[in-house]
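Take a look at the letters that make up each chain.
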Amino acid sequence: MSSSQNNSNVARYFDTMDYGPAPESDTDARQWLARHAEGFGHFIDGRFTATSAGAHFETAEPATGQRLARIAQGSAQDVDAAVAAARAAKPGWLALGGHGRARHLYALARMVQRHARLLAVVEALDNGKPIRETRDLDVPLVARHFYHHAGWAQLQEREFADQVPLGVVGQIIPWNFPLLMLAWKIAPALALGNTVVLKPAEFTPLSALLFAELAAQAGLPAGVLNVVTGDGATGAALVAHEGVDKIAFTGSTDVGRLIREATAGSGKSLTLELGGKSPFIVFDDADIDAAVEGVVDAIWFNQGQVCCAGSRLLLQEGIAADFIERLKRRMQSLRVGSPMDKAIDMGSLIDPTQLERVRALVATGVREGASCFQAPGALPPGGSFFAPTLLTNVHPASTVATEEIFGPVLVTMTFRTPDEAVALANNTRYGLAASVWSETIGLALGIAPQLQAGVVWVNATNLFDAGVGFGGYRESGYGREGGREGCYEYMKPRAWAERKPRTAAMTAVAAAATQAANEAPGEAPKAQARLPAIDRTAKLFVGGKQVRPDGELSHPVFAANGQRIGEVGTGNRKDIRNAVAAARSAAGWSSATPHRRAQALYYLAENLSARADEFAARIASLTGLAARAAQAEVDASVGRLFAYGAWADKYEGTVHVPPLRGVALATVEAMGVVGVVCPDEAPLLSFVSLFAPLMAMGNRTVIVPSEKHPLIATDFYQVLETSDLPAGVINLVTGPAASLAQTLAEHDDVDALWAFGAKELSRNAERLSAGNLKRTLVDHGLATDWHDAACAEGALFLRHATQVKNIWIPYGE
């Protein structure tokens, strides 16, 4: 070829910017699949085992529709074998200690790096995503998770000295990030002393099976990690298994609800990372070209099959037309093709059913008035390909604006003011992630705390790191994965692990409290010589006022000797609704300064202390406790109010430093409106121990006091009235615990529910909370020693009183 011809070709390439194919070799991956041509078994107790029922199914390459592998269909017997192997391996794994487990996790990280190319190719074949994403994003982050959690294993005995592992953890992962979700879940679980049974998605089991095989070769002890493949029935068997101590699930919100209902009352810990409909907010002072690139990463990364995909583009009116024009121009350069081509931007959707769902939702959007623009260019033949799609003229209430599409489809709306942007962004039942774009950092950081989402990216999107927690609000689930906050999801307080069933234990706890009080030096306090035979009927306390119950009913309260000593109002559903509305209207408490909340708690303690004798006499009369023990309960209650007054301005977030130029601010935010159902034991101390951490963290509460001893709480509202507490922060509704707890659990405007009492109460609280997936804290009928600060005070309650929001702030050019 002449020099002039060569120069001409080079010039043509620069003029056209055409891409040629750049295929990645899949030879090693095909050879690995060939070694398992007869079919994969489950990976149980360190080796591949045949499925008990002999059932198999076939998986296909999303990009071609061709057969990829033969996979074992797990049965309940297979799950039982895997759980048995995990339970048998647990003592030895725990006995290794933090350093021993750290060495194994370090080996797993190195193993991932040694086999990075094989893992990346298998993932691209199995999932349909571009090899560039699996190679440059997924696999490096997988290794990062094992490195990071090797560090937590090493530090566990010092940093989490008061915590113990949960035990056997069942983990169910989705098909959109099969290998990465595996790492997110098993790295912290193994690091902190648990053993695992993993159920990968039916569509994408291969990288989990490959990882398990390589992990065994790297020396991971048999039974520590087990993989059982199969469909939803296999997952259901894992969820239902009595030998599983925790379920960690990532997937759809609908399935998350079913799991919440199935595990209710079982005592299993549960974390759910579910769907999303994340807003991508662009203000008129944003760097528009950078924001356009951000949109590309937000919605067309992994074909839009991302739970936190920025699928709702919210544009300030002044830039909307220009932004859409630039975005359409950028869409025309996006390339859809074979996942093994290193030069493409988008691969295939997971399978034909998902393809049809995306098509149907886009068609619905058009019928409802949206305008559809799709990137031009032919799609590859075969497979489940769908073009990058933009829907404009979308109404906030339309189907495509409210439903998670889980495909490469972006919907756009406009706003005029920051307040309107926040309102539109929060107009969703989800709350997983959000992006805010503005060159005015004060504006961006002012908007971020107002967004109801667990992760907020400022002038960025889809940033992840093992050291930064990830998880959602509302129907995007609860719990966090990554960082210190994610570690707590795989442990429980040592004091809680030692609790006994309430019926047998409470007599011993009460006897011990009485004995300790009676042995204390000093003169015993004198109880009131006589209480009036009938007290005035105690009302409810709603919105800062004493109010009569809606049903105008009351019921008697009896002393320990059987004497009728008073009556209280019998609350109903309407009273709960009124109390929730009052609590919701007191939203200013959540934005009050921590110092203000601390002062309120100290003032409550001061006023309770001034009436200590009166409360001690009431406790002694109602419960039959000795006078000294009753006084000890009051003193402990005053001390607990002081403790949470101290915590109010000290339980704070932190600054994560991920491996990029920037920081992630982990801020703690109030849950919102929290329902509380109090137990009968230690009626004053348990009542204070439950509302005080919630109040300290800025929550507003609707409290059902002890059903047996409600006069303690109705006496306390006189303390509330004299303590300068804003109306609606604490609301009291007396009555039957079971029915009022049911109303709180079913109420969609209640954000969380704490229920302590009978085992059935816990089961119903968890089961009925599945409607809006409110976060619960229950005791499963186990007795809490309310006098023991290790069991009844501190970080556990503060963690449940808050949710963590991570705000990512890149900096520099």
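The structure displayed is predicted, hence computed values, not measured ones.

Reading guide: rules and limits
- Residues numbered from 1 in each chain as written.
- Predicted model: local features only at pLDDT ≥ 70, side-chain atom pairs only at ≥ 80, totals over all residues.
- Heavy atoms only, no water.
- Helix = DSSP H or I, 4+ residues; strand = E, 2+ residues; numbered from the N terminus.
- Rg over C-alpha atoms; globule rule 2.2 N^0.38 Å.
- Contact = heavy atoms within 4.5 Å.
- Areas by Shrake-Rupley, 256 points an atom, 1.4 Å probe, with all protein chains shown as cover.
- Lys, Arg positive; Asp, Glu negative; His and termini not counted.
- Charge placed at Lys NZ, Arg CZ, Asp CG, Glu CD.
- Salt bridge = Lys/Arg side-chain N within 4 Å of Asp/Glu carboxyl O.
- Buried < 20%, exposed > 50% of the residue type's maximum accessible area, 1.4 Å probe, protein only.
- Axes fitted to C-alpha atoms, helices over the stretch in contact; angles between N-to-C directions.
- Parallel < 35°, antiparallel > 145°, perpendicular 65-115°, else oblique.
- Nonpolar A, V, L, I, M, F, W, Y, C, P; charged D, E, K, R; others polar.
- Pairing = 2+ DSSP bridges.
- Arc of directions from axis to C-beta.
- Expected span 1.5 Å × (residues − 1).
- Core = buried A, V, L, I, M, F, W, Y, C linked by side-chain atoms within 4.5 Å.
- Polar contact = N/O pair within 3.5 Å; in protein donor to acceptor, adjacent residues only side chain to side chain.
- Phe/Tyr/Trp six-rings, centres within 6.5 Å; stacked < 30°, edge-to-face > 60°.
- Lys NZ or Arg CZ within 6 Å of the ring centre and 35° of its normal.

Draft legend 1. Looking closely at the overall build of the protein. Scanning the protein from N- to C-terminus turns up 30 helices and 31 strands. Against the 2.2 N^0.38 benchmark of 28 Å for 813 residues, the protein shows a C-alpha radius of gyration of 29 Å, consistent with a compact globule. Seen through its principal axes, the protein has C-alpha atoms that stretch 115 × 60 × 45 Å. Restricting to contacts in the protein with at least 6 residues of sequence separation, those with at least 24 account for 77%. Counting every atom, the protein has about 30,300 Å² of accessible surface; 53% of that belongs to carbon and sulfur. Within the protein, the 84 negative side-chain charges are centred at a point lying 2 Å from the centre of the 73 positive side-chain charges.

Draft legend 2. The pattern of salt bridges, seen in detail. Enumeration over the complete set of coordinates arrives at 37 salt bridges. Its salt-bridge partner being Asp-26, residue Arg-30 comes within 3.0 Å of it at the nearest N-O pair. Among the residues examined, Arg-30 registers a relative accessible area of 32% and is labelled partly exposed. With its nearest N and O atoms 3.0 Å apart, the salt bridge here joins Asp-751 to Arg-584. Residue Asp-751 is located in the loop between helix H27 (737–746) and strand E29 (752–755), and its partner Arg-584 is located in helix H20 (residues 573–585); the two are separated by 167 residues in the primary sequence.

Draft legend 3. View of the packing of helix H23 (residues 612–623) against helix H26 (residues 711–721). As a packed pair, H23 and H26 sit with axes 10 Å apart at the nearest point and diverge in direction by 170°. As the angle between them shows, H23 and H26 are arranged roughly antiparallel. Taken together, the residues of H26 that come into contact with H23 (itself represented by Phe-615, Arg-618, Ile-619 and Leu-622) are Leu-711, Ile-712, Asp-715, Phe-716 and Val-719. Here the residues of the contact of H23 with H26 are counted per class, giving seven nonpolar, no polar and two charged.

Draft legend 4. Geometry of the pairing of strand E14 (residues 389–392). Residue alternation in E14 divides its side chains into two sets, Thr-389 and Leu-391 and Leu-390 and Thr-392, and both sets are buried. Sheet topology places strand E13 (residues 371–374) next to E14; four bridges connect them, and they run antiparallel. For Cys-372, the partnering residue across the bridge sits in E14 and is Leu-391. Summarising the sheet, E14 and strand E15 (residues 409–415) pair through three bridges and their orientation is parallel. Along E15, the bridge assignment pairs Leu-391 with Val-411.

Draft legend 5. A look at the environment of Ala-433. By the element assignment, Ala-433 lies in strand E16 (residues 433–437). The spacing of Ala-433 and Val-456 is 23 residues in sequence and 5.6 Å in space, taken between C-alpha atoms. Apart from the residues within four sequence positions on either side, Ala-433 is in contact with Ser-278, Pro-279, Cys-308, Ala-453, Val-455 and Trp-457.

Draft legend 6. Spotlight on the pairing of strand E3 (residues 56–60). Covered by surrounding structure in E3 are Phe-57 and Thr-59 only, the residues His-56, Glu-58 and Ala-60 on the alternate face being uncovered. Relative to strand E4 (residues 67–72), E3 runs antiparallel, the two sharing five bridges. Within E4, the residue paired with Glu-58 across the bridge is Arg-70. Counted between consecutive antiparallel strands, the loop separating E3 from E4 contains six residues, among which Gly-65 sits at a positive phi close to 80°.

Draft legend 7. Region of the structure containing helix H10 (residues 253–263). Residues of H10 that are buried include every one of Thr-253, Gly-256, Arg-257, Ile-259, Arg-260 and Thr-263, and no others. Seen along its axis, H10 keeps its buried residues to an arc of 165°; they face one direction. For H10, exposure combined with an orientation more than 90 degrees from the buried face picks out Asp-254, Leu-258 and Ala-262. If you follow the buried residues of H10, they end up packed against helix H9 (232–240), strand E9 (246–250), strand E10 (269–273), strand E18 (477–478), helix H28 (759–768) and strand E30 (775–778). Downstream of H10 by one or two residues, Gly-265 has phi in the positive range, about 80°.

Draft legend 8. Representation of helix H13 (residues 352–367) within the structure. Spanning 16 residues, H13 covers 22 Å between terminal C-alpha atoms, matching the ideal 22 Å at 1.5 Å per step. If you check which residues of H13 are buried, you get Gln-354, Leu-355, Val-358, Leu-361, Val-362, Thr-364 and Gly-365. As for H13, its buried residues are in contact with E13, E14, helix H14 (399–402) and E15. Positive phi appears at Gly-369, one or two residues downstream of H13, with a value of about 115°.

Draft legend 9. A look at the packing of helix H2 (residues 27–35) against helix H5 (residues 116–127). Closest axis-to-axis distance for the H2/H5 pair is 8 Å, and the angle between their directions is 75°. When the interaxial angle is binned, H2 and H5 end up roughly perpendicular. Contact residues: Asp-28, Ala-29, Arg-30 and Trp-32 in H2; Arg-117, Leu-118, Val-121, Val-122 and Leu-125 in H5. Across the contact of H2 with H5, the residue classes break down as six nonpolar, no polar and three charged.

Draft legend 10. Region of the structure containing unusual backbone geometry. The phi torsion at Ala-682 lies on the positive side, around 40°, for a residue other than glycine. Note that Ala-682 resides in the loop between strand E26 (673–677) and helix H25 (683–696). Of note in this structure, Leu-773 is not a glycine but carries a positive phi near 55°. Structurally, the position occupied by Leu-773 is in the loop between H28 and E30.

Draft legend 11. Looking closely at the nonpolar core. Formed by 110 residues in total, the largest nonpolar core has its most connected members in Phe-146, Phe-211, Val-282, Trp-300, Leu-313, Phe-323 and Leu-327. Among the elements that take part in this core, helix H7 (residues 178–191) stands out by supplying eleven residues, more than any other. Within the second largest apolar cluster, 69 residues are counted, among which are Val-568, Val-634, Ala-682 and Val-688.

Draft legend 12. Spotlight on the side chain of His-241. Here His-241 is to be found in the loop between H9 and E9. The buried category is assigned to His-241, whose relative accessible area is 17%. Within the structure, the side chain of His-241 is placed 2.8 Å from the backbone nitrogen of Gly-243, a separation counted as a polar contact. In this view, His-241 contacts Val-79, Asp-80, Val-83 and Lys-268; residues no more than four positions away in its chain are not counted.

Draft legend 13. Expanded view of the packing of aromatic side chains. Using the criterion set out here, one finds 26 aromatic pairs in the structure. For the ring pair Trp-496 and Phe-756, a centre distance of 6.3 Å and an interplane angle of 85° mean the geometry is edge-to-face. Here Trp-496, found in helix H18 (residues 494–497), pairs with Phe-756, found in the loop between E29 and H28; they are 260 residues apart in sequence, far enough to count as distant. The structure contains a cluster of three or more aromatic residues connected by ring pairs, namely Trp-496, Trp-754, Phe-756, Trp-786 and Phe-797. The aromatic ring of Tyr-490 is capped on one face by Lys-246, whose charged end is 5.0 Å from the ring centroid. Over the face of the ring belonging to Tyr-488 we find Arg-799, whose NZ or CZ atom lies 3.7 Å from the ring centre.

Draft legend 14. Expanded view of the environment of Ser-686. By secondary structure assignment, the location of Ser-686 is in helix H25. Distance from Ser-686 to Glu-633, taken between C-alpha atoms, is 9.5 Å for residues 53 residues apart in sequence. The contacts of Ser-686, once residues within four sequence positions are left out, are Pro-679, Glu-681 and Trp-786. Polar contacts involving the side chain of Ser-686 include one to the main-chain carbonyl oxygen of Glu-681, which spans 3.1 Å.

Draft legend 15. Geometry of the sheet that holds E16. The strand order across the open sheet formed by ten strands is E13-E14-E15-E12-E11-E16-E17-E31-E25-E24, and the pairing between neighbours is mixed. Each having just a single partner strand, E13 and strand E24 (654–656) make up the two edges of the open sheet. Taking each pair of neighbouring strands and ignoring which way they run, the sheet shows an average axis angle of 20°. Here helix H11 (residues 288–299) sits on the sheet in contact with strand E11 (279–282), strand E12 (312–316), E15 and E16, set at roughly 175° to E11.

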